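A closer look at the structure
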Amino acid sequence: MADDISNFWGPVTSTKEWCELNYARSSYIAEFFNTISNVPCIILALIGLVNALRQRFEKRFSILHMSNIILAIGSMIYHATLRQMQQQGDETPMVWEMLLYIYIIYSPDWHYKSTMPTFLFLYGAAFAILHSQIRFGIGFMLHYALLCLLCIPRTYKYYIHTEDRSAKQLAKLYVATLLVGAVCWLCDRLFCKDISRWYFNPQGHALWHVLMGFNAYFTNTFLMYCRAQQREWNPKIKHCLGFFPYVKIHKLKAQ
């Protein structure tokens, strides 16, 4: 929703705008709620990163948590400025992150260890170059949705082979936050004209950010549990502060 309020970053040049009045609360932040709603994503990713480093999980999980942080920061910058370059700085890491998820989910079953990371790296680099030159619009969203769908079959296989109820609960929370977040995203996108006439804007896109922060946290924790099972590290689901689930492992001395 563009408006005539003076702003620090200049005219809006991004191809997407969301159902929040621009620069309504600060001349330095275009979409205030869509910007600050990324803070929980960063905090949750930091919690996951500390656990991955403290228990010496494989580097792929530390990189995964860091990619969540980078993505959240990119989203903050984009929503704060609504500039085209910053939009690309938000969207390109989204694709890179999904490629990382694909690697983590499928690599244990891939017999040729060097081919998958090489292909995914080249794919990510090619997308970044192409996206810097072309505004994809709806094409980007379809492409991102396809990458997400590619993760589902193997993740479901992990789920059905997991016996621990707490670990299964993580997978259910992943699905629940994804579905509720998708509804918030769609309502904000499709019914903005109606919402704009309401006395109170529920900030559906900001809610999407918060829910996706929890979604990524639950997903990462579930995948860490599954990987620990594969490595026979005797994983258990524990809870920090009585709420935040994390994976506790016990490696044999030889490992």
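Note: the structure precedes this text.
These remarks concern the structure in this document. Since the structure is predicted, the reported quantities are computational estimates derived from the model, not experimental observations.

Reading the values: the criteria
Residues numbered from 1 in each chain as written. Predicted model: local features only at pLDDT ≥ 70, side-chain atom pairs only at ≥ 80, totals over all residues. Heavy atoms only, no water. 1 Å grid on protein atoms, 1.4 Å probe; cavity = no way out; pocket = protein on both sides within 12 Å on 5 of 7 lines; lining within 4 Å. Points joined across faces, edges and corners; volume = space filled by probe spheres on them. Helix = DSSP H or I, 4+ residues; strand = E, 2+ residues; numbered from the N terminus. Nonpolar A, V, L, I, M, F, W, Y, C, P; charged D, E, K, R; others polar. Polar contact = N/O pair within 3.5 Å; in protein donor to acceptor, adjacent residues only side chain to side chain. Phe/Tyr/Trp six-rings, centres within 6.5 Å; stacked < 30°, edge-to-face > 60°. Buried < 20%, exposed > 50% of the residue type's maximum accessible area, 1.4 Å probe, protein only. Lys NZ or Arg CZ within 6 Å of the ring centre and 35° of its normal.

Applying the stated criterion across every chain, the model contains three cavities of 30 Å³ or more. By volume, the largest cavity is sized at about 40 Å³. It is helix H9 (residues 204–230) that provides the largest number of residues to the lining of the largest cavity, a total of four residues. Classifying every residue of the lining of the largest cavity by side-chain character gives six nonpolar, one polar and one charged.

Our next topic: the layout of surface pockets. Of the pockets and cavities examined, the largest pocket occupies roughly 1200 Å³. As for the largest pocket, its lining consists of 46 residues, and the residues nearest its centre are Met-94, Tyr-144, Cys-148, Trp-208 and Met-212. Put simply, the parts of the chain that give the lining of the largest pocket at least two residues each are helix H2 (39–54), helix H3 (59–81), helix H4 (84–106), helix H6 (138–160), helix H7 (165–190) and H9. Tallying contributions element by element places H9 first for the lining of the largest pocket, with eleven residues.

For the rest of this paragraph, the subject is the side chain of Ser-107. Structurally, the position occupied by Ser-107 is in the loop between H4 and helix H5 (115–133). Engagement of the side chain of Ser-107 in a polar contact is seen with the backbone oxygen of Tyr-103, the distance being 2.7 Å.

Moving on to the packing of aromatic side chains. This structure, assessed with the given rule, holds 16 aromatic pairs. Taking 5.8 Å as the distance between ring centres and 80° as the angle between the ring planes, the aromatic pair formed by Phe-57 and Trp-233 counts as edge-to-face. Of the two residues, Phe-57 is situated in the loop between H2 and H3 and Trp-233 in the loop between H9 and strand E1 (236–240); the sequence distance between them amounts to 176 residues. The exposure class of Phe-57 is buried, given its relative accessible area of 6%. Joined through ring pairs, the aromatic side chains of Phe-214, Tyr-217, Phe-218, Phe-243 and Phe-244 make up one cluster. A cation over a ring is seen here: Arg-154 above Tyr-158, with NZ or CZ 4.2 Å from the ring centre. In this structure, Arg-189 packs its charged tip against the face of Trp-18, placed 4.6 Å from the ring centre.

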